[in-house]
Amino acid sequence: LRPGLRFLEERTGKPVLGVVPYVEGLRIQEEDSVTLERPKVKREGEVKVAVVKLPHISNFTDFDPLEAEEDVSLVYATSPDELEDADIIILPGTKNTMRDLIWLREKGFARKLLEARGKGKLIIGICGGFQMLGRRIADPFGVESGPGEIEGLGLLDAITVFEKEKATYQVVGEVVVELPFLEKGREIRGYEIHMGRTEGEGFVFKLRRSTGGTVYDGMISRDGLAFGTYLHGIFDDPVFRRGVLNFVRKRKGLKPIEPKGIDPRVERAREYDRLAEIVRRSVDIEAIYRLMGL
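Everything numeric in this text was worked out from a predicted model, so none of it was measured. (Residues numbered from 1 in each chain as written. Predicted model: local features only at pLDDT ≥ 70, side-chain atom pairs only at ≥ 80, totals over all residues. Heavy atoms only, no water.)

A. How the structure looks around unusual backbone geometry. Unusually for a residue other than glycine, Asn 59 sits at a positive phi of about 50°. By the element assignment, Asn 59 lies in the loop between β2 (57-58) and α2 (64-67). Overall, Asn 59 belongs to the partly exposed group, its relative accessible area being 23%. With a phi close to 55°, Cys 127 is a non-glycine residue in the positive phi region. (Helix = DSSP H or I, 4+ residues; strand = E, 2+ residues; numbered from the N terminus. Buried < 20%, exposed > 50% of the residue type's maximum accessible area, 1.4 Å probe, protein only.)

Here is the structure:
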């Protein structure tokens, strides 16, 4: 590459501080949902999970740990028909909750979700998906697409009001009620990144935010078949993840599987350390520090 680097320096008058090589097999999270369009090898797992691929989907890497489970067949559904055989249907996070909720109704997903709920399927909402599962969403300040409000899917007794300030916190807390897939008192971790404040009855998590203060989060229906939370990264917890899957396995007459104890957060940290070391070896890091005034 040296002739090319010399050309760049002569043409721009700027020094080339390094070249970071392509790293084979680097296991870090994807940054752009366009990767969901790549063909994937389908696994015929005993537990079928369908994540609705919303037009404004965000934080889709929340579900990477589920995809890694050997008994799980996971699809990102672009058609309501793909929900037909799902044991678990997940509404993920979104950059525009109200528009995506309208899209769910226009495309027939909302009707299919309610039908699946009536058949005893497990419905999970994460962040914006949690807001959609409630009774109503209000946007008095027009932070998404103009002031207004919209009726939710009504699977949880919750009302969400969007606020001007976005909640962005690392959180750690505990389960305050007995869940079908997680015992009371167990520690739970994750992070919040959302605009809304959700009120209602029956919160299931008591969380301590990284900046201080305590909030309550998460709701579940009385029969345990509709569950929502603002917590991203909750499926990283092997006990929670396996608890959800075993809840479904039991309902299907299948034997439960013990959690493997694999924490994706530890694996990701190891991979990011690996990437950092490669970058450090590949660039003039001291020059970069000087440019940053360090």
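Now that the structure has been shown, the text picks up again.
B. Focus on the pattern of salt bridges. The tally for this structure, following the rule as stated, stands at 19 salt bridges. Among the ionic pairs, Arg 242 bridges to Glu 69, the shortest N-O distance being 2.8 Å. Of this pair, Arg 242 sits in helix α6 (residues 238-251) while Glu 69 sits in the loop between α2 and β3 (72-77); the two residues are 173 residues apart in sequence, bridging distant segments of the chain. A salt bridge links Glu 199 to Arg 197, with the shortest nitrogen-to-oxygen separation between them at 3.1 Å. What emerges from the salt-bridge pattern is a single network uniting Glu 46, Glu 69, Asp 71, Arg 241, Arg 242 and Arg 249. (Salt bridge = Lys/Arg side-chain N within 4 Å of Asp/Glu carboxyl O.)

C. Spatial organisation of the nonpolar core. In terms of nonpolar packing, the biggest core is built from 67 residues, with Ile 88, Ile 90, Leu 104 and Phe 205 touching the most fellow members. Look past the residues within four positions of Phe 205 in its chain and what remains in contact with it is Glu 174, Val 175, Val 176, Leu 179, Ile 188, Val 215, Tyr 216, Asp 217, Phe 227, Thr 229, Leu 231 and Ile 234. (Core = buried A, V, L, I, M, F, W, Y, C linked by side-chain atoms within 4.5 Å. Contact = heavy atoms within 4.5 Å.)

D. Representation of the packing of aromatic side chains in the model. As enumerated under the stated definition, the model contains nine aromatic pairs in all. A ring pair is formed by Phe 130 and Tyr 230, whose centres lie 5.2 Å apart and whose planes are at 75°; its orientation type is edge-to-face. Within this pair, whereas Phe 130 is found in helix α5 (residues 128-133), its partner Tyr 230 is found in the loop between β13 (226-229) and α6, the two being separated by 100 residues in sequence. Taking the relative accessible area as the measure of exposure, Tyr 230 reaches 4% and is therefore buried. Summarising the aromatic geometry, the rings of Phe 205 and Phe 227 are spaced 6.2 Å apart at their centres and angled 75° between planes, so their arrangement reads as edge-to-face. Separated by 22 residues along the polypeptide, Phe 205 in strand β11 (residues 203-209) and Phe 227 in strand β13 bring together distant segments of the chain. Summarising the burial analysis for this pair, Phe 205 and Phe 227 share the class buried. (Phe/Tyr/Trp six-rings, centres within 6.5 Å; stacked < 30°, edge-to-face > 60°.)

E. Structural detail: α6. Here α6 is 14 residues long and its end C-alpha atoms lie 20 Å apart, about the 20 Å a rise of 1.5 Å per residue gives. Of the residues making up α6, those classed as buried are Pro 238, Phe 240, Arg 241, Arg 242, Gly 243, Val 244, Leu 245, Asn 246, Phe 247, Val 248 and Arg 249. A distance of 2.9 Å separates the backbone nitrogen of Val 239 from a side-chain oxygen at the start of α6, and that oxygen is part of Asp 237. Two residues or fewer past α6, Gly 253 is found with a positive phi of approximately 80°. (Expected span 1.5 Å × (residues − 1). Polar contact = N/O pair within 3.5 Å; in protein donor to acceptor, adjacent residues only side chain to side chain.)

F. Structural detail: helix α4 (residues 109-118). Taken together, the buried positions of α4 are occupied by Phe 109, Ala 110, Lys 112, Leu 113, Ala 116 and Arg 117. For α4, the angular spread of the buried residues around the axis is 160°, confining them to a single face. Of the surrounding secondary structure, the elements contacted by the buried residues of α4 are β1 (47-52), β3, β4 (88-91), α3 (97-106), β6 (122-126) and β13. (Arc of directions from axis to C-beta.)

G. Focus on the pairing of β4. Of the two faces of β4, the one carrying Ile 88 and Ile 90 and the one carrying Ile 89 and Leu 91 are both buried. Bridge analysis of β1 against β4 gives three bridges, and the strand direction is parallel. Each residue of the ladder has a partner; that of Val 49, found in β4, is Ile 88. Two elements, β4 and β6, share four bridges in a ladder whose sense is parallel. Each bridged residue has a counterpart across the sheet, and for Leu 91 the counterpart in β6 is Gly 125. (Pairing = 2+ DSSP bridges.)

H. How the structure looks around the environment of Arg 290. You can see Arg 290 is positioned in helix α8 (residues 285-291). When its relative accessible area of 58% is taken as the criterion, Arg 290 is described as exposed. In the structure, Arg 290 is positioned 134 residues away from Leu 156 in sequence and 54 Å away in space, judged by C-alpha atoms.

I. Seen up close, the side chain of Asp 217. Examined against the element boundaries, Asp 217 turns out to sit in strand β12 (residues 214-220). Within the structure, the side chain of Asp 217 is placed 2.5 Å from the side chain of Thr 229, a separation counted as a polar contact. Other than its neighbours up to four places away in sequence, Asp 217 contacts Phe 130, Phe 203, Val 204, Phe 205, Leu 207, Thr 229, Tyr 230 and Leu 231.

J. Structural context of the environment of Leu 231. Locating Leu 231 in the fold gives a position in the loop between β13 and α6. A relative accessible area of 1% means that Leu 231 is categorised as buried. For the pair Leu 231 and Ile 124, spaced 107 residues apart in sequence, the C-alpha to C-alpha distance is 12 Å. Apart from the residues within four sequence positions on either side, Leu 231 is in contact with Ile 126, Val 171, Ile 188, Arg 189, Gly 190, Tyr 191, Phe 205, Leu 207 and Asp 217.

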